[in-house]
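A closer look at the structure
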Amino acid sequence: MAITKEQAMEHKDSYAITCCRFEEGTVIEPSHIEDPNLIPDLEESGLIEIPEDCLKIGEVLGATLKKTVDALTPLTPDLVEGYTKLEETSREEIEEIDKEVSVNEDESTERHEKGINNIKIQIGEGKDINIEIPFPVITSSAVSSTPITEEIKGEKSSPEEEKELRRLTRKYFKIDKVEFGHETKIDGTTLIIREDAYKEAIDSQELVVDMKVDIITPDRYNEFSNTIMDVQPIATKEEGELGEGITRVLDGVVMLVTGTDEAGVQIGEFGSSEGILEENIMWGRPGSPEKGEILIKTDVTIKKGKNMERPGPMAAHKATDFITQEIREALKKADESLVVRKEEFVHKRRLNKKKVVIVKEIMGQGAMHDNYLMPQEPVGVLGAKANVDLGNVPVVVSPLHVLDGCVHALTCIGPASKETSRHYFREPLVLEAMLDDEIDLAAVVFVGSPQANSEKFYVSKLLGLTIEAMDVDGAIVTTEGFGNNHVDFASHIEEIGKRGIPVVGMTFAAVQGQLVVGNEHMDAMVELNKSEEGIENEILENNCLCQEDAIRALYMLKAKMAGEEILPPERKYGKDVILNNIRLIEKATDRKIELVDNETSLKISQNRRNEYEKDAE
Amino acid sequence: MDKLNFISSERYYEGIIIELTDGSVVIDLNGRMGQLRLPRRMLICQNEPKEGQRVGFLMTYPEVIDEEINKNYLKSAKDQLRKRIDSGNII
C-alpha cells in the first residue's frame, strides 16, 4: 500500500520499505513506499526483516534505485543511489532539545525549566506522554480521599478566582455489630434489623418470590455466595437534597445484593461472581467492601427465567432497597452523638484554571446493563429513573451528586470491570479532579451505552453538543467493562476531540478487552487493567478505576491541554508503560502514589490457607 | 495469550441469532456447529438485533493450555448449565 506525501512527511523517520516491485533506475516517491503503520504487523508475521542499516523514508525520497527490487524490500544503502543522510539533521534536532533535556538510561526523558516555573516531563518508551505542571502543585500535591477537610482548608488560591457551588458533608456512624430484632434501629454501634422486614420486601415486588437477609461478619467471608450484583453504601439525607447538605453514612457495614432465579440461575449470569466471597472480591477497591466490614447480604430469588429480562434484576434491587430504606429511616433518627467522623466535600469552580469535564459512560443495553439515576436517597431507588428509560442521553450532574450516590448501579458484564454503586459513591477520578487545584472541574456527564450502533451515534452526537456548549478546555471519558460499549466510547472521544477539545479516555482494554474501533482523537488512553493476564477474571472490581488511574488520567489530560505530543502506545499490552508513567509523575510531583494489589494477593492468601489446612490435618 | 501454540488461527464464522433477551444473545453457528451464549454487550449491531439475523465473526480454535482440572469452576459451570436447562425458559 503506497503512502501520500503528507504521510511521508509525517513518517520521515520510519523505515523505508518498498510497497511493490520497482525497476532499477526508479526515482523513489512516496507512492513507492509501504505504509509505516503496517510494518510492525509485517515484521511480526515474518514477512519482512529489517536490517540494521535500513534507510528512513526521509532519506530515500528523491533517490534512485540501483537495483530492481521486489515488493516489501527494506531499502538499504547498497540498493539506493543519491539518498540524503538524515542522521545528521535529526541529531541536531535532538541536541537542540538536549539543551533542556537530560536523557535517562531507560530512555525516559525529564526536563526541568526552573526559570519559567514549569516542570516538563516527557515519558518515553512507546506510550510517550508529556506533562506540564505549574510549580505550585508540588506544595499542595498530597491528596487522598480521607483528609479532605484539611485539604480544602489548606488551599491558598485567592477567593475571587474561586466560586463555591455546593457543599456536602458526610457524617459517619460507626457500626461494629449487626443483628436481627423486633425493630430496625441503631443502638449505639449496633445496627438492629427487623427480622421480618424481608417478608414485606418480598411482597413489594411481584417478580420476587423469595429473599433471605444474611449478616456476613468477617469470620464468614469464606462462605459461598450467589453472584454479587451490587455493593451499596447505606446512607441517607439529613439535610438538603441529593448532592448537597448533610448525608449520614453507616461506617463498617455495606449492602450486598445477590440473587438467582427460581431455577437457581444466577442473575446476571454472565461473568457472575458466585463462589467463596473472600476469593471473589478484590477487597478495598473503591467499589468493593473493605476487609473487616460487615456485609448485609440479600439473596433474592426472582421468578423463573426473569434473570435475563430487565424487570428481573430491577426487582431484586428494589426488594433489597426495601430493607435498606428501613435502615435509612433508622439512621435518620440516630443520635447525633454517635457521629464518629465527618468528611466535607466542596465543589468549587476555579475560574482562572483550565475547565475540565468528566464524562462517564454507563451501561444501557438492557437488563442488568442499566443504572438508576438521581434517586431521592443516596444510592436509593425511589425517585430515580433508569438511564435506559431516559434514552441513554447525556445527563449532567455536579461532582457532588456522584459522591452522594446519584447512581444506583445495576450494571454487570464481568465483575472485574463493573462499577458498583459504591464505586460512584467513592469515585476516585471525581475526588482527584475536585481536589486538583490545577484544573476547574465543571461537571460530570453520565451517558448511557445503548445496544444498537444507530442509537450509540445518536447519543454520542448529543454528548458532543453538550460538551460543546460547556466550552471546556479538556475532558476525560471513562467507561466500564468491555464489549460493544467501546464503539460509543470511541465515538464520544471523537465527538469531543473533533471540537478541538483535548480528551483522555479511560477503559479496561489490556488483552481481552482490546478496543474494536479507534480514531485519531484516541491518542491519550489510560489502561485500567490490574489483572496479571490482562483479562476479565471474575473477581469483583479487580479491573476498575482506582486512584492511581485517576492520577495518570489527570496528568495525561494536563499534558494534552498544554499541547504536548503524546506518542503512540506499544503494540501489545504491558504494564511497564503504566509503571513508568507512575514513576515519572511521582518524581515530578514528589508524591508517593500507592499502587493497588491485584488478584495475585488473593491467590496467595488462598494458597496459604490451603497450606495451613494441610498442616492442620 | 502466550500459552497458545497456534496463536493466529482465527477463521471466519457465521451464525444465526436464535435467542435474544434483555441481557443475552444466543448464536447458533452455521452448519449446526454449536452455539455461543453471550452478553448482549458482546454483540455489535447497526439496529436493534432480531432473532433470525445473521452474524459474522472471527474465532480461533480453543487450545488446552493447562492439564490441571479446575474442579470448583467445573462444578459451578455445570450446575449453572443444568439449572438453565431445567428452567426450560432459556437455552
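For clarity, every value in this text was computed on a predicted model and none was experimentally measured.

**Some details on the state of the cysteines**
All names here are of chain A. Overall, the coordinates contain 0 disulfides over all chains when judged by the stated rule. No disulfide involves Cys20; its nearest neighbouring cysteine sulfur is the one of Cys19, lying 3.9 Å away. Residue class for Cys20 comes out partly exposed when judged on its relative accessible area of 39%.

**With respect to the interface of chain B and chain A**
Listed per partner, the contact involves 28 residues of chain B and 38 residues of chain A. A combined buried area of about 2700 Å² lies between chain B and chain A, and 53% of that area is made up of carbon and sulfur atoms. When the buried surface of chain B facing chain A is broken down by residue, Asp22, Arg41 and Gln80 of chain B rank first, second and third, together holding 30% of it. Seen at the junction of chain B and chain A, the total is 1 salt bridge. Between Glu533 of chain A and Lys3 of chain B there is a salt bridge, and its shortest N-O distance comes to 3.4 Å. Here chain B is connected to chain A by 19 residue pairs in polar contact (both at pLDDT 80 or more). Among the secondary structure elements, those contributing two or more residues to the side of chain B that touches chain A are strand 3 (35-39) and helix 1 (71-87) of chain B.

**Some points on the domain arrangement of chain A**
Split by domain assignment, chain A resolves into domain 1 (5-81) and domain 2 (168-612). For domain 1 of chain A and domain 2 of chain A, the distance between their C-alpha centres works out to 49 Å.

**Looking at the packing of helix 14 (residues 547-561) of chain A against helix 15 (residues 576-589) of chain A**
Residue and element names in this part refer to chain A. Where helix 14 contacts helix 15, the axes come no closer than 10 Å and their chain directions differ by 75°. By the angle between their directions, the pair helix 14 and helix 15 is classed as roughly perpendicular. Here Glu548, Ile551, Arg552, Tyr555 and Met556 of helix 14 come into contact with helix 15, specifically with Ile578, Asn581, Ile582, Ile585 and Thr589.

**Some words on the nonpolar core**
Residue and element names in this part refer to chain A. Counting residues in each nonpolar core, the largest one holds 42 residues, and the members touching the most others are Leu429, Phe446, Ile476, Val504 and Met506. Broken down by element, this core gets its largest block of residues, 6 residues, from helix 14. Not counting residues within four places of it along the chain, the set of residues in contact with Leu429 comprises Ile358, Ile476, Thr478, Met506, Leu545, Ala550 and Leu554. Among the nonpolar cores identified, the runner-up in size contains 37 residues, and Met255, Ala315, Leu331 and Met368 belong to it.

**Quick look at the sheet that holds strand 19 (residues 371-373) of chain A**
To summarise the sheet geometry, strands pair through backbone hydrogen bonds and adopt either a parallel or an antiparallel arrangement. Residues and elements named next belong to chain A. Taken in spatial order, the 3 strands make up an open sheet running 20-19-22, and their pairing is antiparallel. Of all the strands in the sheet, the pair left with one neighbour each is strand 20 (385-386) and strand 22 (407-409). Relative to strand 20, strand 19 is paired through 2 bridges, and the arrangement is antiparallel. Its bridge partner being in strand 20, Leu373 is matched across the sheet by Lys385.

**Here we look at the pairing of strand 3 of chain B**
All names here are of chain B. Pairing of strand 2 (residues 24-29) with strand 3, which is carried by 5 bridges, proceeds in the antiparallel orientation. Following the sheet pairing, Val26 is matched in strand 3 by Arg37. As consecutive antiparallel partners, strand 2 and strand 3 are separated by 5 residues, and within that stretch Gly31 has a phi angle of approximately 80°, a positive value.

**Here's the deal with the sheet that holds strand 1 (residues 11-20) of chain B**
Residues and elements named next belong to chain B. The 4 strands lie next to each other as 3-2-1-4, forming an open sheet whose pairing is antiparallel. Sheet topology places strand 3 and strand 4 (54-59) at the edges, where each strand pairs with a single neighbour. Taking each pair of neighbouring strands and ignoring which way they run, the sheet shows an average axis angle of 40°. Across 5 bridges, the pairing between strand 1 and strand 2 is antiparallel. What sits directly across from Leu20, in strand 2, is Val25.

**Comments concerning helix 1 of chain B**
Residues and elements named next belong to chain B. Compared with an ideal rise of 1.5 Å per residue, which puts 17 residues at 24 Å, helix 1 spans 24 Å between its outermost C-alpha atoms and is within 8% of the ideal. Among all positions in helix 1, only Asp79, Gln80, Arg84 and Ser87 are buried. Summarising the axial view, the buried residues of helix 1 lie within an arc of 130°, below the 170-degree limit, and thus occupy one face. In this structure, helix 1 carries Lys71, Lys75, Lys78, Ile85 and Asp86 as exposed residues pointing more than 90 degrees from its buried face. In this fold, the buried residues of helix 1 make contact with strand 3.

**Digging into the packing of aromatic side chains**
Residues and elements named next belong to chain A. Per the counting criterion, the structure on display carries 4 aromatic pairs over all chains. On the numbers, 5.6 Å between centres and 55° between planes, the contact of Phe482 with Phe508 is tilted. Of the two residues, Phe482 sits in the loop between strand 24 (474-479) and helix 13 (485-497) while Phe508 sits in the loop between strand 25 (503-507) and strand 26 (525-527), which places them 26 residues apart along the sequence. Here the two residues Phe482 and Phe508 agree in accessibility, since each one is buried. Positioned above the aromatic ring of Phe425 is the side chain of Arg170, whose terminal nitrogen or guanidinium carbon lies 4.0 Å from the ring centre.

**Looking at the packing of helix 6 (residues 197-204) of chain A against helix 8 (residues 311-333) of chain A**
Residues and elements named next belong to chain A. Look at helix 6 against helix 8: their axes get within 8 Å of each other, and the N-to-C directions meet at 135°. In this view, helix 6 runs oblique relative to helix 8, as classed from their interaxial angle. The interaxial crossing formed by helix 6 with helix 8 has right-handed handedness. Residues Ala197, Tyr198, Glu200, Ala201 and Ser204 of helix 6 lie in contact with helix 8, whose contacting residues are Ala319, Phe322, Ile323 and Glu326. Partitioning the contact of helix 6 with helix 8 into residue classes produces 6 nonpolar, 1 polar and 2 charged.

Calculation notes
Residues numbered from 1 in each chain as written. Chains lettered and ligands numbered in written order. Predicted model: local features only at pLDDT ≥ 70, side-chain atom pairs only at ≥ 80, totals over all residues. Heavy atoms only, no water. Disulfide = S-S within 2.5 Å. Buried < 20%, exposed > 50% of the residue type's maximum accessible area, 1.4 Å probe, protein only. Contact = heavy atoms within 4.5 Å. Buried area = accessible area lost by both parts, 1.4 Å probe. Salt bridge = Lys/Arg side-chain N within 4 Å of Asp/Glu carboxyl O. Polar contact = N/O pair within 3.5 Å; in protein donor to acceptor, adjacent residues only side chain to side chain. Helix = DSSP H or I, 4+ residues; strand = E, 2+ residues; numbered from the N terminus. Domains from an automatic or database assignment. Axes fitted to C-alpha atoms, helices over the stretch in contact; angles between N-to-C directions. Parallel < 35°, antiparallel > 145°, perpendicular 65-115°, else oblique. Core = buried A, V, L, I, M, F, W, Y, C linked by side-chain atoms within 4.5 Å. Pairing = 2+ DSSP bridges. Expected span 1.5 Å × (residues − 1). Arc of directions from axis to C-beta. Phe/Tyr/Trp six-rings, centres within 6.5 Å; stacked < 30°, edge-to-face > 60°. Lys NZ or Arg CZ within 6 Å of the ring centre and 35° of its normal. Left-handed = near helix turned anticlockwise from the far one by under 90°. Nonpolar A, V, L, I, M, F, W, Y, C, P; charged D, E, K, R; others polar.

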